[in-house]
Structure formats: structure tokens, C-alpha cells
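Per-entry structural report
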Amino acid sequence: MQKIIAANWKMYKTRQEARETAAAVAAALSGQPSPHEVIVFAPFTAIADVAAAFAGSQALTGAQDVWPAVEGAFTGEISPRMLQDAGAAWVLTGHSERRHVLDESDELVGRKTAFALEQGLKAMLCIGETLEEREAGRLEAVLQRQLETGLPVGDGPLEGRFAVAYEPVWAIGTGKVAGPGEVLEAHAAVRRLLCGRLGDSGHRIPILYGGSVKPANAGTLIGLDNVDGLLIGGASLDAQSFVQIIRA
Ligand code: PGA
């Protein structure tokens, strides 16, 4: 399975800044193509700029959220078609900042994921436990709940258009990266849950790790069993550091 190296730019970068970073990433990849799929999840306002900077390069553009409707009276929201029109091929759903800062429910995340896929976007569903949940021994139960409500069923095969990002909430933006043992345990659990739900094709759904990934730890993380990619926040904002992770 091709690994995925993805950047989550969160609420950073003006259009100009996004263009410059994306152009630097595209230039690095044109000199030395990556064996991995490269995606940048850009802020809405910068999607078209990033997609333009990536035209002719192997990198793809994604959005960080979507609303599950074709169009309508949903002030402040954005539809799959608008994202595709701007140049997005992928969308993140259920990022922990949306779940925990913006109170998104598992049920809403599930609707967003299913609708995005139905409308032809590729979806990366983010799941992960809080420190409290992990310490209470609830890791697998939390992952199971988030996957079962978030995982779309009945809309055709998911291979090639769906990925899961495991991001322990306590490791996001904290500088605290999960240790290899913790990553192995969680990724094995996600794999079991995916196969339980999807059968054999669960083996072919990429599971990315996210949470304080840096150039210095990317090589170790990407080499772990069931780690099919990395989702990078802070360290993806700088083109050079993101490219170092792609090459790790
Ligand atoms: P971080 O963010 O790499 O800054 O920890 C990861 C994420 O939120 O996807």
C-alpha cells in the first residue's frame, strides 16, 4: 500500500503564504519525486491557491472540513462541490480540534464522512482518545465508537478513497509524541476494527499516525507495523520541514 504523508495547516497561512509554501513543496517533489502520496489540507481560503501551485506535481490538495449537504441555508458552511470546485480532492473529517473545540459529535462526523465520499471526495476520518480515556483503559472502546459511527457503509468499496488518521488527542500540538508501543497498540486495534467491519479490504485502508510528528521522529513512526502514513500539523507549516518528513 502506498504511504500517505499529509499536512494539516489548520488555521494558518494567508493565500500568499500558502502559495509560497505549496510552491516550495512542489519544487522539491519535482526534483526528487516521493514514493508516497502527498496531501496538503489547507484552510478553505487557500485551497485554490495550493491546488494551482500543485498543478502538474504529484501532491494533492485537501480541505479540513465539509458540511453534509449539496447546498442550502447553512450559513458559514461549505459543500463538497464547492471544495471540489476550488481544487480539493480530499477532506479531513472529525479532526480532534473539531470534536473537542467545536463540539462535533460522532454522529455528525459520520454524516460528513459518508456525504463527502458519496459526492466524490476522498475522506480521511480522524479518531483518537484523550489522555483521560487512555488512562481509564478505554482506548479500544473509544476507537471502536468513533470508527463505528464515523465509518461509512453501503456506499461501495472504500479502498483508494478512504483513510483513517489515528491521532491521540494528548499528542496533538503538545510536543508529546506517542511512543512506538502506544502507536503499535492503537494501530493494531484500528486495523482489527477495520477488518471486523470491512472484511479483508480493511487491510487495504491506510491508517495514518498524527500527533507531534517531526522530521526527527518521522522515520521511526513510518516504519512501524500498520502505520501507513503520517498526518502532520505544526511541522508541516514550513516547506523544508515537511519535505524532510516526506523523505524520512
Ligand atoms: P501536530 O498536529 O503535528 O501539530 O501535533 C497534528 C494534527 O492535528 O493533525
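The preceding data block contains the structure.
Computed from a predicted structure; not experimentally measured. Counting starts from 1 at the beginning of each chain's written sequence and moves along it residue by residue. Side-chain atom pairs in this predicted model are given and counted only at pLDDT of 80 or more, local residue features only at pLDDT of at least 70, and totals for whole chains, interfaces and linings cover all residues. Hydrogens and water molecules were not included; the side-chain quantities draw on all heavy atoms of the structure.

1. Considering the packing of helix H1 (residues 15-31) against helix H2 (residues 47-54)
Here an angle of 0 to 180 degrees is reported between the N-to-C directions of two axes, which are lines fitted to C-alpha atoms, with helices fitted over the stretch in contact. Secondary structure elements follow DSSP: runs of H or I of four or more residues count as helices, runs of E of two or more count as strands, with numbering from the N terminus. Two elements in contact, H1 and H2, have axes whose closest approach is 8 Å; the angle formed by their N-to-C orientations is 25 degrees. When the axes of H1 and H2 are compared, the pair comes out roughly parallel. Considering only the axes of H1 and H2, their crossing is right-handed. Seen from H1, the contacting residues are Arg15, Ala18, Arg19, Ala22, Ala23, Val25 and Ala26; seen from H2, they are Asp49, Val50, Ala53 and Phe54. In the scheme used here, Gly and all other residues not listed as nonpolar or charged are polar, with Ala, Val, Leu, Ile, Met, Phe, Trp, Tyr, Cys and Pro taken as nonpolar and Asp, Glu, Lys and Arg as charged. Counted by class, the contact of H1 with H2 contains 8 nonpolar, no polar and 3 charged residues. Geometric relationships in this document are graded by angle, where less than 35 degrees denotes roughly parallel, more than 145 denotes roughly antiparallel, 65 to 115 denotes roughly perpendicular, and other angles denote oblique. Crossings are assigned a handedness: left-handed for a near helix turned anticlockwise from the far helix by less than a right angle, right-handed for a clockwise turn. Contacts: residue pairs with any heavy atoms within 4.5 Å of one another.

2. Observations concerning empty space enclosed by the protein
Both site types are read off a 1 Å grid over the protein atoms alone. A 1.4 Å probe that fits but cannot get out defines a cavity, while an open set with protein on both sides within 12 Å along at least five of seven lines defines a pocket; lining residues have an atom within 4 Å of a point. Grid points are joined across faces, edges and corners, and a volume is the space filled by probe spheres set on the points. A full pass over the atoms with the stated rule returns 1 cavity of 30 Å³ or more. Size it by volume and the largest cavity reaches roughly 40 Å³. What lines the largest cavity is Gln144, Leu147, Glu148, Leu151, Leu193, Leu194 and Arg197. Elements with a minimum of two residues in the lining of the largest cavity: helix H7 (139-150) and helix H8 (180-198).

3. Overview of H8
Between the first and last C-alpha of H8 there are 26 Å, a value that for 19 residues agrees with the 27 Å anticipated at 1.5 Å per step. Of the positions making up H8, those classed as buried are Val183, Ala186, His187, Ala189, Val190, Arg191, Leu193, Leu194 and Cys195. Of the surrounding elements, those touching the buried residues of H8 are strand S5 (122-127), H7, strand S6 (162-166), strand S7 (207-210) and helix H9 (215-222). Once H8 ends, the next one or two residues include Gly199, with phi positive near 70 degrees. The length a helix should cover is 1.5 Å for every residue beyond the first. Throughout, exposure labels follow a simple rule: accessible area from a 1.4 Å probe, protein chains only, divided by the maximum for the residue type, with under 20% read as buried, over 50% as exposed, and the rest as partly exposed.

4. Re the site of the ligand
When we say a residue is near a molecule or strand, we mean one of its heavy atoms is within 4 Å of it. Around the ligand sit 13 residues in total, of which Lys10, His95, Glu167, Gly173 and Ser212 are the nearest. When isolated, the ligand has an accessible area of 280 Å², and the protein chains bury 97% of it. A cavity or pocket is said to hold a molecule if more than half of that molecule's atoms lie within 2 Å of its grid points. Counting atoms within 2 Å of the grid points, the majority share of the ligand lands in the second largest pocket. For the shell around the ligand, the residue count by class is 4 nonpolar, 7 polar and 2 charged. Every accessible area reported is derived by Shrake-Rupley at a probe size of 1.4 Å, with residue values counting cover from the shown protein chains alone.

5. Structural notes on the pattern of salt bridges
We define a salt bridge as a side-chain nitrogen of Lys or Arg found within 4 Å of a carboxyl oxygen belonging to Asp or Glu. Counted by the stated rule, this structure contains 16 salt bridges. Residue Lys112 is joined to Asp65 by a salt bridge in which the shortest nitrogen-to-oxygen separation is 2.9 Å. With Lys112 in helix H5 (residues 106-118) and Asp65 in the loop between strand S3 (60-63) and helix H3 (80-86), this pair connects stretches of sequence that are 47 residues apart. The residues Lys112 and Asp65 share a single accessibility class, namely buried. Here Glu107 and Arg111 are joined by a salt bridge, their closest N and O atoms 3.1 Å apart.

No statement about biological role is implied by the geometric values presented.
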